[in-house]
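A structural walkthrough
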Amino acid sequence: MKALVINCSPVRNGATAEIVHIVSEQLAEKMAVKCICIDDYRFGFCRGCRSCHLSAKCDLDDDIPVILKEFDLADIIICVSPSYWADIPGQFKAFIDRCTPWCNTHEPHAAIAAGKKGYSIALRTGPGMKECERIISSLEHFYGHLEIVPSGSLALCSVEGKEDVLPRMQEITDFCSTIYRRARI
Ligand SMILES: Cc1cc2nc3c(=O)[nH]c(=O)nc-3n(C[C@H](O)[C@H](O)[C@H](O)COP(=O)(O)O)c2cc1C
């Protein structure tokens, strides 16, 4: 069993990175874990040309296939995303747009192996859950079109910096327990 934990924020040492670190350490007790940060990769924006609708490939030559390879190698994918202006950060949205060759709404399309479970963790500084729900919904929409089964989510409000993460350890630990249980390990 292998998990891929993704920091959807471009910040490598902030609250999102801290949650990625905690989740990775906890899951590593039961499975192989790889952590990546969206900022580890270089890729251009989707230009909306739709050539991938005919070819299942993108004409741009950059790191997108490298990221999708990591998805393909994992059984469990966990996206950890902060709210940037009430949605996922632009870098992660740009990545999702570039996954159009893998989107199941057109034929032919590229595909990662079936049967993966996808989890979402959303965090924000403000207090209301609705904004986290929007982020979870964006991530689950993405999972659905890659045929990754949305399997659970965690919303953490009132988190600005990494110092706000430690007091939320129990919620994160409980969420990791759900991931193990659903993986039946
Ligand atoms: C550009 C930007 C926009 C943000 N927009 C929001 C927002 O709309 N609502 C909110 O609650 N927090 C917002 N935040 C705060 C982050 O969600 C919060 O600091 C998060 O815990 C950590 O993000 P990081 O890991 O990328 O540093 C924003 C932060 C940044 C940098």
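Bear in mind that the values here come from a model prediction, so they are computed numbers and not experimental data. (Residues numbered from 1 in each chain as written. Predicted model: local features only at pLDDT ≥ 70, side-chain atom pairs only at ≥ 80, totals over all residues. Heavy atoms only, no water.)

What follows concerns the nonpolar core. Ile 6, Ile 67, Leu 68, Phe 71, Ile 77, Phe 92 and Phe 95 are the most contacted members of the largest nonpolar core, which has 34 residues in total. For this core, the elements supplying multiple residues, two or more each, are β1 (2-7), α3 (64-73), β3 (76-82), α4 (90-98) and α5 (129-145). The element contributing the most residues to this core is α5, with six residues. Judged by nonpolar contacts, the second largest core, of 25 residues, contains Val 20, Met 31, Tyr 119 and Leu 123. (Core = buried A, V, L, I, M, F, W, Y, C linked by side-chain atoms within 4.5 Å. Buried < 20%, exposed > 50% of the residue type's maximum accessible area, 1.4 Å probe, protein only. Helix = DSSP H or I, 4+ residues; strand = E, 2+ residues; numbered from the N terminus.)

Here we take up the packing of aromatic side chains. Between two aromatic rings, the relevant description is the distance of the centres plus the angle of the planes. A complete count under the given rule lists eight aromatic pairs for this structure. Both rings, one in Phe 71 and one in Phe 95, keep their centres 5.9 Å apart while their planes meet at 40°; by these two values the pair is tilted. Placement of the pair is Phe 71 in helix α3 and Phe 95 in helix α4, with a sequence separation of 24 residues. As far as the burial class goes, Phe 71 and Phe 95 line up, both buried. Grouping aromatic residues by their ring pairs yields a cluster made of Phe 43, Phe 71, Phe 92, Phe 95, Phe 142 and Tyr 143. If you follow Lys 30 out to its NZ or CZ, it ends over the ring of Tyr 180, 4.9 Å from the centre. (Phe/Tyr/Trp six-rings, centres within 6.5 Å; stacked < 30°, edge-to-face > 60°. Lys NZ or Arg CZ within 6 Å of the ring centre and 35° of its normal.)

We now examine the site of the ligand. Around the ligand lies a shell of 17 residues, among which Ser 9, Thr 16, Tyr 84, Glu 131 and Val 159 are the nearest. In this structure, Ser 83 approaches the ligand through a main-chain N or O atom, which is 2.7 Å from an oxygen atom. One nitrogen or oxygen atom from the main chain of Glu 160 is found 2.8 Å from an oxygen atom belonging to the ligand. Burial of the ligand by the protein chains amounts to 73% of its free accessible area of 640 Å². (Near = heavy atom within 4 Å. Polar contact = N/O pair within 3.5 Å; in protein donor to acceptor, adjacent residues only side chain to side chain. Areas by Shrake-Rupley, 256 points an atom, 1.4 Å probe, with all protein chains shown as cover.)

The next point concerns the sheet that holds β3. Taken in spatial order, the five strands make up an open sheet running β2-β1-β3-β4-β5, and their pairing is parallel. The open sheet has two edge strands with one neighbour each: β2 (32-37) and β5 (149-156). Across the sheet, the axes of successive neighbouring strands diverge by a mean angle of 15°, strand direction being ignored. Alignment of β1 against β2, held across six bridges, turns out to be parallel. Bridging from a neighbouring strand, Leu 4 pairs with Lys 34 of β2. (Pairing = 2+ DSSP bridges. Axes fitted to C-alpha atoms, helices over the stretch in contact; angles between N-to-C directions.)

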